[in-house]
Amino acid sequence: MSERHELIKSNIDSLLLCLISGQPMYGYQIIKELKDRSRGYFSFKEGTLYPALHRLEKSGLIEGKWQALPSGQQRKYYYITEKGYASLALQRSSWREFLNAMNLIIRPEEVRDSI
Amino acid sequence: MSTGIDEYLHNVKSSLRLEAPDEAEVIRELATHIEDEVKELKGTGLRDDEAVSACIRLLGSAKSVGRKIYEAHSQGTWQQALLTSLPHLLFALLFILNWWRGLTAVLILLIGIMSTAVYGWWHRKSGWLFPWIGYSLLPVIIAGLSLIYLPTGLTWIAFIVYIPLTLWLILRVITQTIKKDWLYLSLMLLPMPAIIGWFVAADWQGNFNAEAEARLYYDAPWIGVSFLALAFGVVTFVRIRRRWLKISVLFMSGAIALTFISSYARGRLDFIVLLLLILFLVSIFLVPALLENGVKTGRWGKYFEHRPMS
């Protein structure tokens, strides 16, 4: 498995929580949004999205509800829960710490300049 | 819906093994995804069949998607783990605390287990239920065996009424359980090799004599420990996600129980009996898995199926 897939796999929960916290979304919409916002970086086997969504739903971090589109077709929208917001806040903070630590090692000059 | 999509969703479904409402919801959700994707691909100029093929390629292997969704759903809570392992724990206590010598305790336990099994069967047939059904089969089988000792004139009751009725009931339970997931049948039958093993080790010869009772008394703590091994295996089974690990854990707990029997009933179980018990344990996992296809395609299931699984 490529390095990119490994990275996506280990961060998929944070990515999904972050997207859904912006607005409730359904599966296909999430795939498109991830691809568009990352300019194509986050493209993966679409079937792998649903196990991740169901895992988050089972953990109580998101909640799925069937709702009608303006066209009348039903789609399962995912909403972030209170528990999901709390988990996202933790994940954001650990991601920031990780990124800072990585930058201190990988790009020390830029970090020094920014201080 | 196109044949390619139907086949894809069917393949996902065959790997899901979830409760019927959950399964229907997963398939519905994937179907809506496919609908959106195919519509968009057709908008780029692809033909119907090309759009469907491209969509299925983008989704990835149906079996892998089904298996991963199963894993997302397959982890039970600690409460479910406790409820599933409770009949094993109760049987363990029955022997460890030597309650088995009092008829009242045994009757209360069996009636409690059977009532819970009947209640669970007519409500949702959730995963926790199957070990309870397994223990409930014991009194049914023992009652059938004891009919042999009826006065000669009444033996016909066994042949005309009890045996066909019991066989029908057991076969119906088996087919409906396999239809849900063959692994539940293994979960249901898991204590059987241990029960038969300890039974044979106590030198059961048609009448429970004082010598056999004395042996059972000395074996009781180890019988209890072997049921504890099953309980521990079942708790782990409920809590882990991966299916192959679930199967391994159940098998290991059954094997540990048999190891206890062979260690503490040394000299009372010959090699052939032990070998038969091991084969029985293996068949508890092998036979339901082999039967699953026949039951799910309706080849055998239709004879016992009268209403859809809830």
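So, how was this worked out
Residues numbered from 1 in each chain as written. Chains lettered and ligands numbered in written order. Predicted model: local features only at pLDDT ≥ 70, side-chain atom pairs only at ≥ 80, totals over all residues. Heavy atoms only, no water. Helix = DSSP H or I, 4+ residues; strand = E, 2+ residues; numbered from the N terminus. Buried < 20%, exposed > 50% of the residue type's maximum accessible area, 1.4 Å probe, protein only. Contact = heavy atoms within 4.5 Å. Areas by Shrake-Rupley, 256 points an atom, 1.4 Å probe, with all protein chains shown as cover. Lys, Arg positive; Asp, Glu negative; His and termini not counted. Charge placed at Lys NZ, Arg CZ, Asp CG, Glu CD. Buried area = accessible area lost by both parts, 1.4 Å probe. Salt bridge = Lys/Arg side-chain N within 4 Å of Asp/Glu carboxyl O. Polar contact = N/O pair within 3.5 Å; in protein donor to acceptor, adjacent residues only side chain to side chain. Pairing = 2+ DSSP bridges. 1 Å grid on protein atoms, 1.4 Å probe; cavity = no way out; pocket = protein on both sides within 12 Å on 5 of 7 lines; lining within 4 Å. Points joined across faces, edges and corners; volume = space filled by probe spheres on them. Nonpolar A, V, L, I, M, F, W, Y, C, P; charged D, E, K, R; others polar.

Caption draft 1: Structural view of the overall build of chain A. Scanning chain A for helices and strands turns up 5 helices and 3 strands. With respect to the principal axes defined by its C-alpha atoms, chain A has extents near 55 × 30 × 25 Å. Burial statistics for chain A: of 115 residues in total, 34% are counted as buried. Restricting to contacts in chain A with at least 6 residues of sequence separation, those with at least 24 account for 46%. Accessible surface computed for chain A: about 7,000 Å², of which carbon and sulfur atoms make up 55%. Each charge class in chain A was averaged separately, 17 positive and 13 negative side chains, and the resulting centres sit 6 Å apart.

Caption draft 2: Geometry of the interface of chain A and chain B. Taken together, the 21 residues of chain A in the interface contact 22 residues of chain B. Summing both partners gives a buried area of about 2,100 Å² for chain A against chain B, and 51% of it is carried by carbon and sulfur. The largest contributions to the chain A side of the interface with chain B come from Tyr28(A), Tyr50(A) and Trp66(A), which together make up 31% of the buried area. At the boundary of chain A and chain B, one finds 4 salt bridges. For the salt bridge of Lys32(A) with Glu40(B), the shortest nitrogen-to-oxygen distance reads 2.6 Å. Inspection of the chain A/chain B interface yields 14 residue pairs in polar contact (both at pLDDT 80 or more). Those elements giving two or more residues to the side of chain A that touches chain B turn out to be helix H2 (27–37), helix H3 (49–58) and strand S3 (74–80) of chain A.

Caption draft 3: Focus on the pairing of S3(A). Residues and elements named next belong to chain A. Burial runs high along S3: 5 of the 7 residues are buried. The pairing of strand S1 (residues 25–26) with S3 spans 2 bridges and is classified as antiparallel. Directly across from Met25, in S3, lies its bridge partner Tyr78. Where strand S2 (residues 62–68) lies against S3, 7 bridges are found, and the strand directions are antiparallel. Considered in S3, the bridge of Ile62 is made with Ile80.

Caption draft 4: Local environment of empty space enclosed by the protein. Residues and elements named next belong to chain A. Within the structure shown, the criterion is met by 1 cavity of 30 Å³ or more. Residue lining of the largest cavity: Ile31, Leu34, Lys35, Phe42, Ser43 and Phe44, and that is the complete set. Here the residues of the lining of the largest cavity are counted per class, giving 4 nonpolar, 1 polar and 1 charged.

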